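Coordinates in review
The primary structure of each chain is shown beneath.
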There are 2 protein chains.
Amino acid sequence: MTGPAGTAAGVVPAAGRGERLGAGAPKALRTLGGVPLLVHAVRALAAARAVGLVVVAAPPEDVAQVRALLDDHEVAAEVVVVAGGATRQESVRRALAALTPDVDVVLVHDAARPLVPVELVDRVAAAVRHGAPAVVPGLPVADTVKRVAPVDGSEQVVETLDRSALRAVQTPQGFRRDVLEAAHAAATDDATDDAGLVERAGGSVTVVPGSEEAFKVTRPLDLLLAEAVLARRRANGSLQ
Amino acid sequence: MTGPAGTAAGVVPAAGRGERLGAGAPKALRTLGGVPLLVHAVRALAAARAVGLVVVAAPPEDVAQVRALLDDHEVAAEVVVVAGGATRQESVRRALAALTPDVDVVLVHDAARPLVPVELVDRVAAAVRHGAPAVVPGLPVADTVKRVAPVDGSEQVVETLDRSALRAVQTPQGFRRDVLEAAHAAATDDATDDAGLVERAGGSVTVVPGSEEAFKVTRPLDLLLAEAVLARRRANGSLQ
């Protein structure tokens, strides 16, 4: 199979409550090595050879400021900032609407995964180029995973899952543009996972190997790890 | 309900292939801040008020060396080193056989979780003391988790799991001694998860909140994070 042969674009939904500039410590603007997480994420996408355009969905009231923030930092591709919606899904939809006609592959990326290696972005894009309609990076799950249920005020184990068949899914998630647009058009509830929309629409989703460094910065220790990874990259002479 | 009122003991199975002293870079003896992971793990268990004894199952050929290693470092409880078995399960069995009669609560801990906070060890032990026959610490899963299957040489998503009901399980796992012994006596195949044995024997397993710092050191980035956590603890004046 061969896939589309046009341009790949990155989409970064960053219009959630945690990302509003007025809201105390907006998540995407928390800094890592002096640079906001969002800027790291956009730069990492843009650094991929495959990517010619990145669309960021910002909180509507902060579009100009996010635009200015991105202008302050060197980014290796064109960046468009649009007003996001009330839900993550609406933000992705608005970003999709801003894509130029030559874009036929879309990479949706979490603003909270600032250190995704460029190799991973290229791997996901290449898998779409080679014919997979939807692609997610995934890693084996390190811990035993159990399903729980509340019983008498405490949490009890219902079952232990077969870990060998589980993957912890990262981003960017890559899609043929028409597949992602159709999945979003068909979706009824809010999705935090674009590949899940494709699955629900009956499409197939391929998993490619993820990267340890594409971890999500959500808990306090994640930021500590991100700082350590960034310090190591700088010590090794990496640009980022 | 109230539980047992005797002594709690820690059990650390560290006799696996990765832990053999002759084998290049044995996992449990990899150092963190100059101290082997195994020593960190034993110290962390021993630091809990609840714990009066720790039994380490070492590779049979390395018992004397592991004994000497632990003697070189201050540990706040009595430590017994026994020869482990060919499987993890056999190692846990041999460690159980070395427990003194006053022990009625057993905490089984991964040697590869060196930075488990003493509060978590106490929380698990307390839950057993308060009547739960088996207790595991668990954290919500940060990434979306999908189940996969191989299709035509690639990996395809079969389903996206409901993450809200999933817990990534850590150690120490705590047990009433008689419950753990019965589960091990009934087990037929090798277990990497002692609570799983209790589940298979029909017992109930309670989940208590885990700790970010109880993460398992398996991948390269884990060691980087462990060094950063340890450096922060030392900067904060913590003893460990």
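Just above, that's the structure.
So, here's what we can say about the structure. (Residues numbered from 1 in each chain as written. Chains lettered and ligands numbered in written order. Predicted model: local features only at pLDDT ≥ 70, side-chain atom pairs only at ≥ 80, totals over all residues. Heavy atoms only, no water.)

A look at the overall build of chain A
For chain A, the count of helices and strands is 7 helices and 12 strands. Scaling as 2.2 N^0.38, a compact globule of 240 residues should have a C-alpha radius of gyration of about 18 Å, and chain A matches this with 18 Å. Along the first, second and third principal axes, the C-alpha atoms of chain A reach 55 × 40 × 40 Å. Within chain A, contacts between residues at least 6 apart in sequence are counted, and of these 73% link residues at least 24 apart. On chain A, roughly 9,700 Å² of surface is accessible, and the fraction owed to carbon and sulfur atoms is 53%. Counting 25 positive and 29 negative side-chain charges, chain A places the averaged centre of each group 2 Å from the other. (Helix = DSSP H or I, 4+ residues; strand = E, 2+ residues; numbered from the N terminus. Rg over C-alpha atoms; globule rule 2.2 N^0.38 Å. Contact = heavy atoms within 4.5 Å. Areas by Shrake-Rupley, 256 points an atom, 1.4 Å probe, with all protein chains shown as cover. Lys, Arg positive; Asp, Glu negative; His and termini not counted. Charge placed at Lys NZ, Arg CZ, Asp CG, Glu CD.)

Some thoughts on helix α7 (residues 220–235) of chain B
With 16 residues, α7(B) should cover 22 Å at 1.5 Å per step; its first-to-last C-alpha distance of 23 Å lies within 8% of that length. Among the residues making up α7(B), those that are buried are B:L221, B:D222, B:L223, B:L224, B:L225, B:A226, B:A228, B:V229, B:L230 and B:R233. Where α7(B) is buried, its residues contact α7 (220–235) of chain A together with β2 (31–32) and α1 (37–46) of chain B. Positioned one or two residues after α7(B), B:G237 has a phi angle of 85°, which is positive. (Expected span 1.5 Å × (residues − 1). Buried < 20%, exposed > 50% of the residue type's maximum accessible area, 1.4 Å probe, protein only.)

Observations concerning the interface of chain B and chain A
Chain B puts 43 residues into the contact, and the matching count from chain A is 43 residues. Interface of chain B and chain A: buried area, both sides summed, is about 4,100 Å²; carbon and sulfur atoms make up 53% of it. Taken together, the links from chain B to chain A amount to 8 salt bridges. With a shortest N-O distance of 2.5 Å, B:K146 and A:D193 are connected by a salt bridge. There are 26 residue pairs in polar contact (both at pLDDT 80 or more) connecting chain B and chain A. Contributions of two or more residues to the side of chain B that touches chain A are made by β7 (134–140), β8 (144–151), β9 (154–160), β10 (166–169), α6 (194–200), β12 (206–209) and α7 of chain B. It is α7(B) that contributes the most residues to the side of chain B that touches chain A, 8 residues altogether. Classifying every residue of the side of chain B that touches chain A gives 21 nonpolar, 7 polar and 15 charged. Two strands pair when backbone bridges link them, and strand β9 (residues 154–160) of chain A and β12(B) are joined in this way by 2 bridges, in the antiparallel orientation. Looking across to β12(B), one finds that A:E155 is bridged to B:V207. (Buried area = accessible area lost by both parts, 1.4 Å probe. Salt bridge = Lys/Arg side-chain N within 4 Å of Asp/Glu carboxyl O. Polar contact = N/O pair within 3.5 Å; in protein donor to acceptor, adjacent residues only side chain to side chain. Nonpolar A, V, L, I, M, F, W, Y, C, P; charged D, E, K, R; others polar. Pairing = 2+ DSSP bridges.)

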